[in-house]
Amino acid sequence: MSSKTIVMYEISQKQQFIFRTNRLIENIGASHIIRELTTNPRKLFENEAVQKYLNKSIDLPDPQYRIVGGGNAIFIFNSENDATTFSRNLSFYILQCFPGIELFLVKRTFDWEQDLLYRNENHPGLMEKLQNELANKKNERRYAVKQESWGIQQACVTSGMPANTTIFNHETNEYEPRAEEFKPIQEIGREIRNDGYHQRFIVENDLLPASDKYKFLTQDDIENVFSKQSSLAEKNYLAIISIDGNAMGVKVSKFFEQKFASNEDYLKKYEAFTNEIDEAYTNAFRKTIAYVMERYDVWATDFYGHENEQLENWKHLIPIRPIIASGDDVSLITYGKLGIEMAKTFLTFLQEQKITIGKGENARTYRYEACAGVAIIRHKYPFWLGFQLADELCNNAKKRLKKDEQKWKERGMTSNGQPYDTSLIDWHLVPHSDMVQNIESYRKQYYENDDDSILTMRPYYIQHDADEKKHFASYDRTFKQVAMKALQRTKANDEKIENDNHHIPSMAKWKNLRDVYHEGIRAVEQWLILNQFSPSGEIESKDLLFYKYRDGFGLLKERQDEDGQAFAAYYDAIEIFDFFTDLSGRDRK
């Protein structure tokens, strides 16, 4: 029997491990550790910063096959003993060095010639069985009890774990009680400032001229920029962006429908499939970086001021810090005012990417779509709370697409015989130290009026230009070209020495409207007449202050329903205006 042993494992709750501290260098180090654990764990534990905590030589046998994708790491060994040694030592090393990491692992010995890794007709393959076994292990976690402390140790100031060392905090100039795993995390964070993300997104980015001059955002950069801009509150905000691919299960299922000649053939094609997905997201990321830096003159003064010397000093700093970029799972940090447009830009470039699965008449071409959540937070706000919010906003966008599925179908909109798929974006501004436990309940409490009118249209749809039927909650057609454009027109008019159009409302009027919106439709209608308010600046124009559609779903070219669900047309733009930089650079007049 030509036996081999497969080890499949997953690092769970990666974001919690990465974002439990507000120190960017520790976020970077933790992200790198997660990436190395699933791609090359031996390299990680042989790093001097980590190995000194083990006090032994590293024994992690190399596999014959190594595939990382779909959230899992898959290592296949020729020897069962090697697989057992790898599994045992990997678990031990993680517990010893990084107790904050949660590892799930399954192992199976099989006949390479007889046991198929892939599905054959109606018989599930070994990979599918192991994935289900891994999922069951994760589900059983809820019944497990993990005792991290005996209650007599001092707690780590960031993780809550037992503090078995002290680490110097350069911000407070004091030693703090910390869990010891943060020492190697910090060391690795310092080592990899020019890490794999730098190579992948900057050095190898053909769209970025003179790429050797560029670098990503660091903690020192953030503190430096914000200290100079402390008088302007909106500039002291960061945005945490969480992006997750749509309908990946559909693409994976289509891949598994293919015929494979052997396990070798399957592994080769599966690796190519996961690499193609990774390449699509890499391309979108590279294009986003190039687009943002091409428009440096559009946004730079919002953060660096108007002095030419300062603008020249900062022109090669990319205002992004990638934290996670693994397949269709992307997380990054940027300046608060750039967050929404940055996420939208990424989604737009991702939509340009396509993947063809299968051959001949069975081939299907799919567009890449994703949802994004943007949490705009003060830069001292806990990162783990910010990421949790961004992740929830991303999921909220996916929920809207799922909720609208039948309505799109009724209007003849589908994707390759599957439910209509497109991208959406949701965001939330945390102006103080508020904790948003649940975005749905939060919006129900603060964004719904007594007359059932709703103040926000979020999440917004980001649809292809080729899609003729556009949802009324369109990021481009509704939020930017109508609402945001009206406020930009006001700002431009207010800045003129002599206003050439007295019908354009002042910014003070817009802020009054925001308050009146909370009183409901009738109050807005009365206020509109009393103040002769015209968003477009054309007094005869019939500007809509609410969109009304039955069941909360409607298309821009469809007739509205006076008895339908009412959504405030301008509230989102008014609320976010001071925390929004338009990257398009279009004429704002």
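Here is a short report on the structure shown in this document. No experiment lies behind these values; they were computed from the predicted model shown.

## Digging into the overall build of the protein
Argument step 1. Across its full length, the protein holds 22 helices and 20 strands.
Argument step 2. In terms of overall dimensions, the protein is globule-like: its C-alpha atoms have a radius of gyration of 26 Å, near the 25 Å expected for 589 residues.
Argument step 3. Judged by the C-alpha coordinates and their principal axes, the protein covers about 85 × 65 × 50 Å.
Argument step 4. Every one of the 589 residues in the protein was classed for burial, and the buried ones make up 54%.
Argument step 5. Across the protein, contacts joining residues at least 24 apart in sequence account for 70% of those joining residues at least 6 apart.
Argument step 6. Only carbon and sulfur atoms are counted for the fraction: they give 44% of the accessible area of the protein, which is about 28000 Å².
Argument step 7. Of the charged side chains in the protein, 78 are positive and 90 negative, and the gap between their average positions amounts to 2 Å.

## Some points on the state of the cysteines
Argument step 1. Using the criterion set out here, one finds zero disulfides in the structure.
Argument step 2. Here Cys-156 stays unpaired: no disulfide links it, and the sulfur of Cys-97, its closest cysteine neighbor, is 16 Å away.

## Some details on the sheet that holds strand E10 (residues 320-326)
Argument step 1. The mixed open sheet is built from six strands, whose spatial order is E10-E11-E8-E14-E17-E18. One side of each edge strand has no neighbouring strand; the edge strands of this open sheet are E10 and strand E18 (460-462). When the angles between neighbouring strand axes are averaged without regard to direction, this sheet yields 20°.
Argument step 2. Alignment of strand E14 (residues 370-378) against strand E17 (residues 423-429), held across six bridges, turns out to be parallel. Bridging from a neighbouring strand, Ile-376 pairs with Leu-429 of E17.

## Concerning the packing of aromatic side chains
Argument step 1. Scanning the model with the defined rule gives 57 aromatic pairs in all.
Argument step 2. Between the aromatic rings of Tyr-517 and Tyr-571, the centroid separation amounts to 6.1 Å while the plane-to-plane angle is 75°, which identifies the pairing as edge-to-face. With Tyr-517 in helix H20 (residues 507-517) and Tyr-571 in helix H22 (residues 571-576), the pair connects residues that are 54 residues apart, well separated along the chain.
Argument step 3. Assessed through its relative accessible area of 0%, Tyr-517 is described here as buried.
Argument step 4. With relative accessibility at 6%, the residue Tyr-571 sits in the buried group.
Argument step 5. Three or more aromatic residues joined by ring pairs form one cluster here, namely Tyr-118, Phe-255, Phe-256, Phe-260, Tyr-266, Tyr-270 and Phe-273.
Argument step 6. The side chain of Lys-4 reaches across the aromatic face of Trp-112, ending 5.3 Å from its centre.
Argument step 7. Stacked on the ring of Tyr-197, the Lys or Arg Arg-35 has its end atom at 4.1 Å from the ring centre.

## Points about the nonpolar core
Nonpolar side chains in soluble globular proteins tend to end up buried together.
Argument step 1. Within the largest apolar cluster, 178 residues are counted, with the highest numbers of intra-cluster contacts made by Phe-45, Trp-299, Tyr-304, Ile-425 and Tyr-517.
Argument step 2. Setting aside residues up to four positions removed in sequence, Ile-425 forms contacts with Ile-340, Ala-343, Lys-344, Leu-347, Ala-372, Val-374, Pro-459, Tyr-460, Ile-462 and Tyr-475.
Argument step 3. Counting 11 residues, the second-largest nonpolar core is a separate cluster that includes Cys-371, Ala-397, Trp-408 and Leu-555.

## Here we look at empty space enclosed by the protein
Argument step 1. Counting across every chain of the model gives two cavities of 30 Å³ or more.
Argument step 2. Within this model, the largest cavity holds a volume of roughly 40 Å³.
Argument step 3. Lining the largest cavity, in full, are Asn-40, Pro-41, Arg-42, Leu-60, Pro-61, Asp-62, Pro-63, Arg-66, Phe-75 and Phe-86.
Argument step 4. For the lining of the largest cavity, the class distribution of residues is six nonpolar, one polar and three charged.

## Observations regarding the pairing of E17
Argument step 1. Buried residues dominate E17, accounting for seven of its seven residues.
Argument step 2. Of the two faces of E17, both are covered, the one formed by Ser-423, Ile-425, Trp-427 and Leu-429 as well as the one formed by Leu-424, Asp-426 and His-428.
Argument step 3. Two elements, E17 and E18, share three bridges in a ladder whose sense is antiparallel. Paired with Leu-424 across the strands is Tyr-461, a residue of E18.

## A look at the pattern of salt bridges
Argument step 1. Considering all chains together, one arrives at 38 salt bridges under this definition.
Argument step 2. One salt bridge in this structure joins Lys-344 and Asp-476, with 3.4 Å as the shortest N-O distance. Residue Lys-344 is located in helix H15 (residues 339-351), and its partner Asp-476 is located in helix H19 (residues 475-494); the two are separated by 132 residues in the primary sequence.
Argument step 3. Residue classification places Lys-344 among the buried positions, given a relative accessible area of 14%.
Argument step 4. Overall, the relative accessible area of 23% leaves Asp-476 in the partly exposed class.
Argument step 5. Among the ionic contacts, a cluster of salt bridges with common partners joins Arg-42, Glu-46 and Asp-62.

Rules and cut-offs
- Residues numbered from 1 in each chain as written.
- Predicted model: local features only at pLDDT ≥ 70, side-chain atom pairs only at ≥ 80, totals over all residues.
- Heavy atoms only, no water.
- Helix = DSSP H or I, 4+ residues; strand = E, 2+ residues; numbered from the N terminus.
- Rg over C-alpha atoms; globule rule 2.2 N^0.38 Å.
- Buried < 20%, exposed > 50% of the residue type's maximum accessible area, 1.4 Å probe, protein only.
- Contact = heavy atoms within 4.5 Å.
- Areas by Shrake-Rupley, 256 points an atom, 1.4 Å probe, with all protein chains shown as cover.
- Lys, Arg positive; Asp, Glu negative; His and termini not counted.
- Charge placed at Lys NZ, Arg CZ, Asp CG, Glu CD.
- Disulfide = S-S within 2.5 Å.
- Pairing = 2+ DSSP bridges.
- Axes fitted to C-alpha atoms, helices over the stretch in contact; angles between N-to-C directions.
- Phe/Tyr/Trp six-rings, centres within 6.5 Å; stacked < 30°, edge-to-face > 60°.
- Lys NZ or Arg CZ within 6 Å of the ring centre and 35° of its normal.
- Core = buried A, V, L, I, M, F, W, Y, C linked by side-chain atoms within 4.5 Å.
- 1 Å grid on protein atoms, 1.4 Å probe; cavity = no way out; pocket = protein on both sides within 12 Å on 5 of 7 lines; lining within 4 Å.
- Points joined across faces, edges and corners; volume = space filled by probe spheres on them.
- Nonpolar A, V, L, I, M, F, W, Y, C, P; charged D, E, K, R; others polar.
- Salt bridge = Lys/Arg side-chain N within 4 Å of Asp/Glu carboxyl O.

From the geometry alone we can't say anything about function, so treat these as descriptive.
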